[in-house]
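If you want the building blocks of each chain, they are given just below.
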Amino acid sequence: MTSSPYVSAPPSPRPNLAFRELRGQRSPGEFAAAVRRAAREIGERVSCDARYIGRVEAGEIRCPNYAYERVFLHMFPGRTLTDLGFAPRSAVRGRGTRPAVATAEPQHTHHTYDEESDVRRRAFMTGMTGSTATVAVATLTPFGVPLAPGEAAHHPARAGVGAVEEAIRRIRLLDDRHGADGLYRRAATPLRTAFELLDAGTAQRDVTERLQTGAGELAISVGWLAHDSGRFDDARSHYAEALATARMAGDEALEAHAFCNTAFLARDAGRPREAVRAAQAATRVAAGSGSPRLLSLLALREAGGWAGLGDQRACERCLARAQALFARGASEADPEWMSFYGEAELEGLEAQCWSALGNWDRAARHARRAAALQDPHFTRNMALYTAELADDLARAGQPDESAAAGARALGLLRDVRSSRIESMLATTARVLLPHRRATGVAAFLESHAASRR
C-alpha cells in the first residue's frame, strides 16, 4: 500500500474575524484599494485585490509577508499583527514540523543576488511544472508546496487559477528585487502550465474567465522578463499571446495591458512608429477604464514612440497629457499591475524621452529626480534610474558626475541582473572612454570592466 505524502489532513483554517471587523461596511474590493493606497503612502508595493482580502478573512493567510505587515500596521497604528487577527510570525515560521499546506504567505524580503536567492527562484519555478491539467494543479503552487489533497481533488480548476494568480505576483516581486535575468527561462514552465489548464476547460464560467485573465497576465509577466533580459523576439511573442487571449476573452483591461507592454517593447526594439500605434490602441481600449493613472502611463508610452521618431512637438504634447492625468491621483480603478507606476517612474520615462531627443541636460534632470524619488527598497528600478542618469550625464559632458552615478549603479547590480541596465552601463563606459585619465572616470571604467569578467 502506497503511503500518503501527507502526515494527516490539514486542519480547516480559522476565519480571521478581527480583520473582517476592521473592513467594516467596505466591500473586499474597496478595502483592497485602501490597502494599495496605504502602501503607496509609505513607498511599499503590494498587489492587493479582493481575492487576497478574502484569503485573509478566511484564515488562509495566518501571517502576512513583511510588505503587507508594514502596510497593515500603517493603516491601523498602535495595533499589532495579533490585534489584526494574525498568528505570531514565530508560530508560523518555526523550524519544527511543517504542515502540508502553506500557513503563511511567502515572505517579501531583501536578498542579494547570490546562490541562496537563485535557489529560491529555482524552487519557485520548478515547483510549477506539469504536463497535464491534473498534474499542473497539483504542482503549480509557488515554492513547491503542494496543494491540500482535498483542494486539488474537489476544486482542481479553482485551485489552479489561484496558483496562476500567485505565480504572477511572485514573478513581479522577484523581478522588482533582482531583475529579469535568471528568471525568464524558468518562468516559461508555469506559463505553459497556465495555458494547459485553460485548454483543459471547466464548466465554471467564473473560473474560466479568471483563468483566461490569469494566463494572459502571466504571458505579459513572462514577456516582460524576456524584454528586460534582451530577448525581444520572445517578448514580442508572449505579448502577442496575451493580446490574443484578451481578445478571445473580451477582456479590455488585459488588452490594454498587452498593448501597453507592446508599445514599450517596440520603442526599445527600435520600432518607434509601432510604439506610437500600440500606445494609441491601448488608449482607445482603456478610455472607459476610469483610471487616469493608466491613461497617464499610456501617454508616456506614446511619448516614447514620438521621441524615437524625433518628433519633439508630438512628444511634448503626450508628456503634458501624461503629467496632467497623473496629477489627478490614484483611483480604485487603477489596475494591480500598475503598482510600479509612481512619481519616480513618471520622471524616469520622461528622462528617456528627452534622452531619445538628444536633450541630455534635460534628460539628466529628470533621471536625477527619478533616482531621488525611488524607494531604495526596489533595487531594480533604483539601478535603472541611476544608470540612466549616468548615461545622460556622460552625453551632457559631465564625466565626473557620470562616473559617480555609474559607480552607484554598478553597486546596485550586485543584487540585480538585468541585461537592459547592463547594456546602458556598457554604453556609458564607451562614452566615457575619452575621459579615462580623470580619476573618478578611471575608477568607474576599471570597476565596470571587472564586473563583466
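Remember, predicted model here, so these are calculated numbers, not experimental data. (Residues numbered from 1 in each chain as written. Predicted model: local features only at pLDDT ≥ 70, side-chain atom pairs only at ≥ 80, totals over all residues. Heavy atoms only, no water.)

**Things to note about the overall build of the chain**
1) Next: Of the regular secondary structure elements, the chain holds 22 helices and 0 strands.
2) Next: Of all 453 residues assigned to the chain, the portion counted as buried reaches 51%.
3) Next: Here the contacts in the chain between residues at least 6 apart in sequence split such that 67% fall between residues at least 24 apart.
4) Next: Accessible area for the chain stands at about 20,400 Å²; split by element, carbon and sulfur atoms hold 51% of it. (Helix = DSSP H or I, 4+ residues; strand = E, 2+ residues; numbered from the N terminus. Buried < 20%, exposed > 50% of the residue type's maximum accessible area, 1.4 Å probe, protein only. Contact = heavy atoms within 4.5 Å. Areas by Shrake-Rupley, 256 points an atom, 1.4 Å probe, with all protein chains shown as cover.)

**Notes on the layout of surface pockets**
1) Next: The computed volume of the second largest pocket comes to approximately 610 Å³.
2) Next: In terms of residues, the lining of the second largest pocket owes the most to one element, helix α21 (residues 419-432), which gives 5 residues.
3) Next: Of the residues belonging to the lining of the second largest pocket, the class tally is 8 nonpolar, 10 polar and 6 charged. (1 Å grid on protein atoms, 1.4 Å probe; cavity = no way out; pocket = protein on both sides within 12 Å on 5 of 7 lines; lining within 4 Å. Points joined across faces, edges and corners; volume = space filled by probe spheres on them. Nonpolar A, V, L, I, M, F, W, Y, C, P; charged D, E, K, R; others polar.)

**A word on the side chain of R293**
1) Next: Note on placement: R293 falls in helix α15 (residues 292-308).
2) Next: One buried charged side chain, R293, makes no salt bridge at all; its nearest oppositely charged neighbour is D334, positioned 5.4 Å away.
3) Next: Among the polar contacts made by the side chain of R293, one reaches the main-chain carbonyl oxygen of F326 at a distance of 3.1 Å.
4) Next: Excluding anything up to four places from it in sequence, R293 contacts F326, G329, A330, D334, M338 and Y341. (Lys, Arg positive; Asp, Glu negative; His and termini not counted. Salt bridge = Lys/Arg side-chain N within 4 Å of Asp/Glu carboxyl O. Polar contact = N/O pair within 3.5 Å; in protein donor to acceptor, adjacent residues only side chain to side chain.)

**Considerations on the packing of aromatic side chains**
1) Next: Counted by the stated rule, this structure contains 10 aromatic pairs.
2) Next: Summarising the aromatic geometry, the rings of F19 and F72 are spaced 5.2 Å apart at their centres and angled 70° between planes, so their arrangement reads as edge-to-face. With a gap of 53 residues between them, F19 in helix α1 (residues 17-23) and F72 in helix α4 (residues 66-75) connect regions that are remote in the sequence. Each of the two residues, F19 as well as F72, counts as buried.
3) Next: Ring centres 5.7 Å apart and planes at 35° place the aromatic pair Y68 and F72 in the tilted group. You can see Y68 and its partner F72 sitting in helix α4, 4 residues apart, about one turn around the helix. One exposure class covers both Y68 and F72, and it is buried.
4) Next: Three or more aromatic residues link up through ring pairs in this structure, and these residues are F19, F31, Y52, Y68, F72 and F86.
5) Next: Geometry around F264 places R301 over its ring, the cationic atom sitting 4.0 Å from the centre.
6) Next: Its end group placed over the ring of W360, R395 keeps NZ or CZ at 5.2 Å from the ring centre. (Phe/Tyr/Trp six-rings, centres within 6.5 Å; stacked < 30°, edge-to-face > 60°. Lys NZ or Arg CZ within 6 Å of the ring centre and 35° of its normal.)

**Some points on the environment of S339**
1) Next: Counting through the fold element by element, S339 comes out in the loop between α16 (312-327) and α17 (343-356).
2) Next: Classification of S339 by relative accessible area gives partly exposed; the value is 32%.
3) Next: Linking S339 and V46, residues 293 residues apart in sequence, is a C-alpha distance of 7.4 Å.

**Comments concerning empty space enclosed by the protein**
1) Next: Applying the stated criterion across every chain yields a total of 3 cavities of 30 Å³ or more.
2) Next: In this structure, the second largest cavity spans a volume of roughly 60 Å³.
3) Next: Contributing elements (two or more residues each) for the lining of the second largest cavity: α13 (252-268), α15 and α17.
4) Next: Across the lining of the second largest cavity, the residue classes tally to 5 nonpolar, 1 polar and 2 charged.

**Things to note about the nonpolar core**
1) Next: Grouped together as the largest cluster of nonpolar side chains are 48 residues, with contacts concentrated most on L297, L298, L300, C315, L319 and Y341.
2) Next: Put simply, the parts of the chain that give this core at least two residues each are α11 (205-228), α12 (232-249), α13, α14 (272-286), α15, α16 and α17.
3) Next: The dominant element in this core, judged by the number of residues it contributes, is α15, at 9 residues.
4) Next: Grouped together as the second largest cluster of nonpolar side chains are 22 residues, A32, V35, Y52 and L84 included. (Core = buried A, V, L, I, M, F, W, Y, C linked by side-chain atoms within 4.5 Å.)

**Brief notes about the pattern of salt bridges**
1) Next: This structure, assessed with the given rule, holds 14 salt bridges.
2) Next: With a closest N to O distance of 3.2 Å, R247 and E255 form a salt bridge.
3) Next: Connected through salt bridges with shared partners, the residues D228, R380 and R420 form a single ionic network.

**Topic: the confidence of the model for the chain**
1) Next: Of the residues in the chain, 71% reach a pLDDT of 70 or more, and the chain-wide mean stands at 79.
2) Next: Ranking the elements of the chain by mean pLDDT puts helix α6 (residues 115-126) last with 38 and α16 first with 98.
3) Next: The model gives residues 1-10 a pLDDT under 50, and that stretch makes 6 contacts with residues more than four places away or in other chains.
4) Next: Long-range and interchain partners of residues 93-155, a stretch whose pLDDT sits below 50, account for 143 contacts in this model, where long-range means more than four residues apart. (pLDDT = per-residue confidence, 0-100.)

**With respect to the environment of R70**
1) Next: Counting through the fold element by element, R70 comes out in helix α4.
2) Next: Residues within four places of R70 in sequence aside, it is in contact with I42, E44 and H377.

**As for α15**
1) Next: Taking 1.5 Å as the rise per residue, α15 with 17 residues should run 24 Å; its terminal C-alpha atoms sit 24 Å apart, in good agreement.
2) Next: For α15, a buried count of 16 out of 17 residues is recorded, marking the element as mostly surrounded by other parts of the structure.
3) Next: Of the residues trailing α15, G310 is marked for its positive phi of about 80°. (Expected span 1.5 Å × (residues − 1).)

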